[in-house]
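Chain by chain, the residues:
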Amino acid sequence: MLRLDEVTVRFGDRTALDAVGLDVAERETVCVLGPSGSGKSTLLRVVAGLQRADSGRVLLSGRDQAGVPPHKRGVGLMFQDHQLFPQRDVGGNVAFGLRMHGMGRSAARARVAELLALVGLPGAERRAVTTLSGGEQQRVALARALAPRPRLLMLDEPLGQLDRSLRERLVVELRGLFHRLGTTVLAVTHDQGEAFALADRVVVMRDGRVAQTGTPLAVWQRPASEFVARFLGFDNVVPATVRADAAETAWGKVALPAGTSPDADRVLIRPTGVRLTGPGEGLRCTVEARSFRGGSGSSVTVLLRPESGPALEAACSLREAPEEGAEVGALFDPAEVVPLAG
Ligand SMILES: Nc1ncnc2c1ncn2[C@@H]1O[C@H](COP(=O)(O)OP(=O)(O)OP(=O)(O)O)[C@@H](O)[C@H]1O
């Protein structure tokens, strides 16, 4: 459906996109994830035709989009601040693109009713948008973007403004909705939780380049680099000298999973792979802090200050969590060790 082929965009001496390649299949939801300034919005703007590429090609359904204006690309856009027209009512907002595409009044009315029902706001046509909550406005913006049946729907930080619980609920709804409708979606967000919940596939960007792409599970289980690991919130990363089935690190010898590449020069140890024991065993550490994470497992993150090497996080249940100031030993589960290169 969508292909970016070596797309480069420069602003003066700044390269916002650096030879980016990306494919989105029909009916797939792809989330582009990355820190501020990594080029996510520029990527969407290039696909929408709002930004010219300095080199490379954007193809939609196999057709090169060079010279095709935004309104002829058949893509729907929904931006972070959802930009509803405050002077129009809900129905007027959703009908906007339909009228632009020349749809007749009664057909547009039927389509608006259908879309409002779909996003969970049936019968809201006559409401003023200023009377809607943030989440309701988001749904109206989504209905407006979906109304002209775009072949590709692009979302820029779609849930950025909403509070966490609403975001978590909406993201599940969106995923269900997109699958039901068979919509092809390219979304960008800096929130990894959102991306992982929404996407069939995630693309992690760094400085205008693709750092990693894969299913949420694959990226989560096997971050390709220290950058991706840290971006996902894993901070237990340490330089390592890899030898056969173990690595020398400042945290001592760490057993590696079978098949570790000799190119690996650091390791990530997931907090769930740090097992706490008595101070006579494993890496000796002092418990610096504990923070309650909640969740069904009553999980606690324990921040450890090891006798050597950087700080270390361990995840354990509330029942097992040692007190602050306690001396403990840390052992590493090889299944939770991820070798990283660069
Ligand atoms: N119109 C522009 N003129 C000059 N520089 C720009 C322009 N648009 C973007 N940039 C630069 O290009 C880089 C990528 O910006 P972009 O907005 O695509 O990043 P982003 O990942 O979407 O960031 P954010 O999450 O903060 O929105 C940044 O360094 C930005 O400063």
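Residues numbered from 1 in each chain as written. Predicted model: local features only at pLDDT ≥ 70, side-chain atom pairs only at ≥ 80, totals over all residues.

Looking up the protein chain in an unreviewed UniProt entry gives the name ABC-type quaternary amine transporter, with the organism given as Streptomyces boncukensis.

### What about the sheet that holds strand 10 (residues 209-214)?
One open sheet accounts for 6 strands, arranged 6-7-8-3-9-10; its pairing is mixed. The sheet terminates laterally at strand 6 (75-78) and strand 10, the two strands that pair on one side only. Each strand axis lies, on average, 20° off the axis of its neighbour in the sheet, ignoring direction. Where strand 6 lies against strand 7 (residues 152-156), 4 bridges are found, and the strand directions are parallel. Across the sheet, the residue bridging to glycine 76 is leucine 153, located in strand 7. (Pairing = 2+ DSSP bridges. Helix = DSSP H or I, 4+ residues; strand = E, 2+ residues; numbered from the N terminus. Axes fitted to C-alpha atoms, helices over the stretch in contact; angles between N-to-C directions.)

### Quick word on the pairing of strand 8 (residues 185-189)
Across the 5 residues that make up strand 8, a large majority, 5, are buried. Residues of strand 8 alternate between two faces, with Val185, Ala187 and Thr189 on one and Leu186 and Val188 on the opposite face, all of them buried. Sheet topology places strand 3 (residues 29-33) next to strand 8; 5 bridges connect them, and they run parallel. Note on strand 8: the bridge partner recorded for cysteine 31 is alanine 187. In this sheet, strand 8 lies alongside strand 7 in parallel orientation, the contact comprising 4 bridges. Residue leucine 155 lies in a different strand from strand 8, and its bridge partner there is alanine 187. (Buried ≥ 20, exposed ≤ 12 C-beta atoms within 10 Å, placed from the backbone.)

### Overview of helix 4 (residues 134-146)
Counted at 1.5 Å a residue, the expected span for helix 4 with its 13 residues is 18 Å, and the 18 Å between its end C-alpha atoms agrees. Burial runs high along helix 4: 10 of the 13 residues are buried. Turning to helix 4, its buried residues are Gln137, Gln138, Arg139, Val140, Ala141, Leu142, Ala143, Arg144, Ala145 and Leu146. Among the structural elements, strand 6, helix 2 (90-100), helix 3 (105-118), strand 7 and helix 5 (164-181) are those in contact with the buried residues of helix 4. (Expected span 1.5 Å × (residues − 1). Contact = placed C-beta atoms within 7 Å.)

### What to know about the site of the ligand
Every residue lining the ligand is accounted for by Phe11, Arg14, Ala16, Gly34, Ser36, Gly37, Ser38, Gly39, Lys40, Ser41, Thr42 and His190. Secondary-structure elements contributing two or more residues to the shell around the ligand are strand 2 (14-24) and helix 1 (40-48). With 3 residues, helix 1 is the largest single contributor of residues to the shell around the ligand. Residue classes in the shell around the ligand are distributed as 2 nonpolar, 8 polar and 2 charged. (Near = placed C-beta within 6 Å. Nonpolar A, V, L, I, M, F, W, Y, C, P; charged D, E, K, R; others polar.)

### Notes on the environment of valine 237
With respect to the secondary-structure elements, valine 237 resides in strand 11 (residues 237-243). Overall, the presence of 20 C-beta atoms within 10 Å leaves valine 237 in the buried class. In the structure, valine 237 is positioned 179 residues away from valine 58 in sequence and 37 Å away in space, judged by C-alpha atoms. If we skip the residues at most four places from it in the chain, valine 237 touches Glu226, Ala229, Arg230, Arg266, Leu268 and Leu340.

### Describing the domain arrangement of the protein chain
Along its sequence, the protein chain is carved into domain 1 (2-221) and domain 2 (226-340). A separation of 38 Å is found between the C-alpha centroids of domain 1 and domain 2. Counting residues at the interface gives 8 residues for domain 1 and 4 residues for domain 2. Breaking the side of domain 1 that touches domain 2 down by element, the ones donating at least two residues are strand 9 (201-206), strand 10 and helix 7 (216-221). Residue composition of the side of domain 1 that touches domain 2, grouped by class: 5 nonpolar, 2 polar and 1 charged. (Domains from an automatic or database assignment.)

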